[in-house]
Amino acid sequence: MIVSKKLLKKKVQQKAEQKHERNKEYYRKKRLKRKYGKLYVGTKDENLKSPVYGAFVRALAPKPPLLIDEWSDQYRVLPEISAHEAGLWRTDRFPFLRRIMQLLSPAHSCQQVVVMKGAQIGFTEAAINYMFYTIDYSPAPMLYAQKTLVDTGVFVKQRFEPSLDEMPDLARRVGTQSRGRRTGDTATIKVFPGGMIRFGGANSAASLRSMPIERLILDEEDSYESDIQEEGSPSELAIRRTANFPKRKIYRLSTPKIKETSVIEPLFEGGTKERYYVPCPHCGHMDWIRWDNIKWENDDPSTAQLVCQECGCFIDEREKTYMLMHGEWRAENPDAPYPSFHISSLYSPYGFYKWSQAVDLFLRAHRTHDNTLLKTFVNTVLGETWSESGRIIKANALMDKKEDYGAEVAEGVVILTGAADIQKDRIEAEIVGWGRGMESWGIEYAVFRGDTERPQVWGELDAFFNRGWRTKNGSILPVSIAAVDSGFLTKLVYEFCRIRAHRNIFPVKGDEGWGHGYIDRPMRMNKYGVWPFRAFVDEIKNKIYSYLQIDEGAGRCHWSRKDCYDKAYFGQLTSEYLDRKWVNGRYRLRWILPQGRRNEALDVRCLNIAALNILNPQFDTLQLPDQPQQVSMGGSTRRRRRRIVSRGIS
Ligand SMILES: [Zn+2]
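Here the structure is a predicted model, which means the values were calculated and not measured.

Conventions we followed
- Residues numbered from 1 in each chain as written.
- Predicted model: local features only at pLDDT ≥ 70, side-chain atom pairs only at ≥ 80, totals over all residues.
- Heavy atoms only, no water.
- Donors = N, O, S within 2.8 Å, 3.2 Å for Na, K, Ca; no water.
- Helix = DSSP H or I, 4+ residues; strand = E, 2+ residues; numbered from the N terminus.
- Buried < 20%, exposed > 50% of the residue type's maximum accessible area, 1.4 Å probe, protein only.
- Axes fitted to C-alpha atoms, helices over the stretch in contact; angles between N-to-C directions.
- Parallel < 35°, antiparallel > 145°, perpendicular 65-115°, else oblique.
- Contact = heavy atoms within 4.5 Å.
- Nonpolar A, V, L, I, M, F, W, Y, C, P; charged D, E, K, R; others polar.
- Pairing = 2+ DSSP bridges.
- Salt bridge = Lys/Arg side-chain N within 4 Å of Asp/Glu carboxyl O.
- Phe/Tyr/Trp six-rings, centres within 6.5 Å; stacked < 30°, edge-to-face > 60°.
- Lys NZ or Arg CZ within 6 Å of the ring centre and 35° of its normal.
- Patch = residues over 30% accessible without salt bridge, like charges linked within 9 Å, V, L, I, M, F, W, Y side chains within 5 Å.
- Areas by Shrake-Rupley, 256 points an atom, 1.4 Å probe, with all protein chains shown as cover.
- Lys, Arg positive; Asp, Glu negative; His and termini not counted.
- Charge placed at Lys NZ, Arg CZ, Asp CG, Glu CD.
- 1 Å grid on protein atoms, 1.4 Å probe; cavity = no way out; pocket = protein on both sides within 12 Å on 5 of 7 lines; lining within 4 Å.
- Points joined across faces, edges and corners; volume = space filled by probe spheres on them.
- Expected span 1.5 Å × (residues − 1).
- Arc of directions from axis to C-beta.

Quick look at the coordination of the zinc ion now. Surrounding the zinc ion are the protein donor atoms Cys-280 (SG), Cys-283 (SG), Cys-308 (SG) and Cys-311 (SG), which sit 2.3 to 2.4 Å from the metal. The sequence motif formed by the donor residues of the zinc ion is C-x2-C-x24-C-x2-C. One end of the pair, Cys-280, is in the loop between β11 (274-279) and β12 (286-288); the other, Cys-308, is in the loop between β14 (300-307) and β15 (314-315), with 28 residues separating them in the sequence. The exposure class assigned to Cys-308 is buried, which follows from its relative accessible area of 6%.

This is the structure in structure tokens:
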């Protein structure tokens, strides 16, 4: 009984081995056919059978000038143990890699290629293609580095060597006799005629500076330590070794990590900033795949689809193959000194990482309010840096906090302010309720559409500010003060405010700068007969973003359950982030609105805070005696603000 079981097992094993051999043979033949196809004189089968003929052809055939992508399409075989799809490599499966591999080819003059990317979309496989190409086609000294020597060791054992084994022609060239001495074929070095590949770790200075190198691959650079063994940055250490090669190439690829310390993001920003634009299968509109355009229904990841911003139709993930094939890289800074690329895992070819998986990860992070999970999502799926402000979850988490006030005005509201932002074709306005400790309640957000150079929309805005708002006990609360942005259509705004000054409707102009408090009071009426206030939006935005993080008590923001507070509203409210740049020994802070996003809701909220500061009500004395908690950003602001507050308005 036992014997037969053993026999059976052995037989199964043998069969599997035979199958594996057959497969290998099949791919080798296929490769040979492609390689020497044009030079056959007899029938293909006859020629293939003759090893002499093969060697003869190989010796005589001139090498056509292949680029890495062409070389890979001809020779690269993916092994079963590490690849999703074993067998011959097809660049068409990863069309966005074509340009990367062309740039890495020696025929191209660029010296540095930077890729900021999501996880698992083939860029490391392109690095392997680059290494094999170097061994086979264009030998040179090369260095490949990962975070640690251990990581690199795992990479060699799991990805590099199995791939090499699939390509016997190449494998034979590695680690052969040379001038009577045995050359290396170890886990850290592969020597071949004309060159070598060294595998280094960013934690070991010795492994990075051991030899001059012409081709350098820095994989997962954002995980490197900033300083190793007091010799400085590991990347710099390795790059210094390439200095003597005029045709050097540096391939830097990484999923980004923390915004403040990221290496790859500034590198991306300094390059051509290329993104892969794909056509909408329905209308042909070219756009890159943005997370904001991925939509799903009822928290069900399997419904994930892409929405075209041009024609508004839903695009199924199955159409991704077509889209990728017809896509192209488009540069934001085409004149930059080197090419840089950004691509997210949403581009993963159909059948690999799915949109539904991305949505699932996002929903899980969102449901559990787990910041580490969300960081993983932002870093590895979106291929973007993680900033502690965590603006992505905020939009959705805030939306979940919408409340039923039981009336138009919630309990706790003492004062109502209004604010309006003027655009060419609409006015966006909001009424906000304020209570003790700057706790706030979004009462209503309104968009009045129409040409703002004509009176009709202004009438609607006037009515919006003029109406009263019902509280729970039935009384009506009026708007105490309102601010209208005077940055656009200034004269019309002045005119609107001048005749409504008795109702505390003032023009407010947004201004930049830190350390001026929130608002600047005019010393006198201007020639249009209004009091032109200024609001310092940098500090106000900072305040708003600190309020948004408060879950309880002073400073907390509430929103009504009304439909006007929708996904678009919260997206706009959380659209900006504070960018910190180290300039001349100090941080320079600037609010950045990412491309393609809108921020009217945030602007209107800023104006509401400006309005409240113009009115400067004494909540403490009005309401309860205890001191509200100050959520202020810095000493200087607080000092400055207090001074202004004490001045009052009247
Ligand atoms: Zn479309």
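From this point, the narrative continues.
At a minimum axis distance of 7 Å, the contact between helix α4 (residues 68-75) and helix α5 (residues 97-104) shows a crossing angle of 110°. Of the possible angle classes, the one that applies to α4 and α5 is roughly perpendicular. Across from Ile-68, Asp-69, Ser-72 and Asp-73 in α4, the residues of α5 making contact are Arg-98, Met-101, Gln-102 and Leu-104. For the contact of α4 with α5, the class distribution of residues is three nonpolar, two polar and three charged.

On to the sheet that holds strand β26 (residues 533-536). Reading across from one edge, β25-β26-β24-β23-β18-β19-β20-β27 is the order of the eight strands in this open sheet, with mixed pairing throughout. At either margin of the open sheet sits one strand with a lone partner, and together these are β25 (519-520) and β27 (557-559). Where strand β18 (residues 415-422) and strand β19 (residues 426-434) come together, eight bridges link them in antiparallel fashion. Within β19, the residue paired with Ala-420 across the bridge is Ala-429. On the sheet, helix α16 (residues 455-466) packs against β18, β19, β20 (440-449), β23 (479-485) and β24 (505-511) and is oriented at approximately 5° with respect to β19. Against the sheet, helix α17 (residues 490-498) makes contact with β18, β23 and β24, and its axis sits at roughly 145° relative to β24, the strand it touches most.

Applying the stated criterion across every chain, the model contains 34 salt bridges. Put simply, Glu-600 and Arg-598 hold a salt bridge, and the shortest N to O gap is 3.3 Å. Under the relative-accessibility criterion, Glu-600 is labelled buried at 6%. If you follow the salt bridges from partner to partner, you end up with Asp-425, Arg-426, Glu-428, Arg-598 and Glu-600 in one network.

It is worth spelling out the packing of aromatic side chains at this point. Applying the stated criterion to the full structure yields 34 aromatic pairs. Both rings, one in Phe-155 and one in Phe-199, keep their centres 6.4 Å apart while their planes meet at 50°; by these two values the pair is tilted. With a gap of 44 residues between them, Phe-155 in helix α7 (residues 149-165) and Phe-199 in strand β8 (residues 195-201) connect regions that are remote in the sequence. Comparing Phe-155 with Phe-199, the two get one shared label, buried. Within the aromatic cluster, the residues linked to one another by ring pairs are Trp-89, Phe-94, Phe-96, Phe-123, Tyr-276, Trp-329, Phe-341, Tyr-347 and Phe-352. Just above the ring of Trp-469 sits the side chain of Arg-467; from NZ or CZ to the centre is 3.7 Å.

Glancing now at a negative patch on the surface. Taken together, the side chains of Glu-297, Asp-299, Asp-300 and Asp-400 present a region of like negative charge at the surface. With respect to the secondary-structure elements, Asp-299 resides in the loop between β13 (294-297) and β14.

Think of a ball as big as a water molecule: rolled over the atoms, this probe shows where empty space is left. One pass over the structure, following the stated rule, counts four cavities of 30 Å³ or more. Within this model, the largest cavity holds a volume of roughly 100 Å³. Together, 15 residues line the largest cavity, and Asp-287, Trp-288, Leu-306, Val-307 and Cys-308 are the ones closest to its centre. Going through the elements one at a time, β11, β12 and β14 are the ones with two or more residues in the lining of the largest cavity.

Turning our eyes to something else, we now look at the pairing of β11. In terms of residue burial, β11 counts as a mostly covered element, since six of its six residues are buried. Of the two faces of β11, the one lined by Glu-274, Tyr-276 and Val-278 and the one lined by Arg-275, Tyr-277 and Pro-279 are each fully buried. The sheet contact formed by β11 and strand β16 (residues 328-331) spans four bridges and is antiparallel. Counterpart to Glu-274 in the pairing with β16 is Ala-331. For β11 and strand β17 (residues 340-343), the ladder comprises two bridges, and the chain directions are parallel. Counterpart to Arg-275 in the pairing with β17 is His-342. Inspection of the sheet shows β11 paired to β12 by three bridges, in the antiparallel sense. If you follow Val-278 over to β12, its bridge partner there is Asp-287. Counting the residues in the hairpin turn of β11 and β12 gives six residues, including Gly-284, whose phi is positive at 85°.

Spatial ordering of the open sheet is given by β13-β14-β15, a layout of three strands whose pairing is antiparallel. The open sheet has two edge strands, β13 and β15, and neither has a second partner. The pairing of β14 with β15 spans two bridges and is antiparallel. The residue bridging Leu-306 from the neighbouring strand is Ile-315, located in β15. Together, β13, β14 and β15 form the strand contacts of helix α13 (residues 355-368), whose direction differs from that of β14 by roughly 115°.

Helix length check: α16, at 12 residues, gives a terminal C-alpha distance of 16 Å against a target of 16 Å (1.5 Å per residue), a fit within 8%. For α16, the complete set of buried residues consists of Val-457, Trp-458, Leu-461, Asp-462, Phe-464 and Phe-465. When α16 is viewed along its axis, its buried side chains cluster within an angular range of 160° and face the same direction. Among the exposed residues of α16, those oriented more than 90 degrees off its buried face are Pro-455 and Gln-456.

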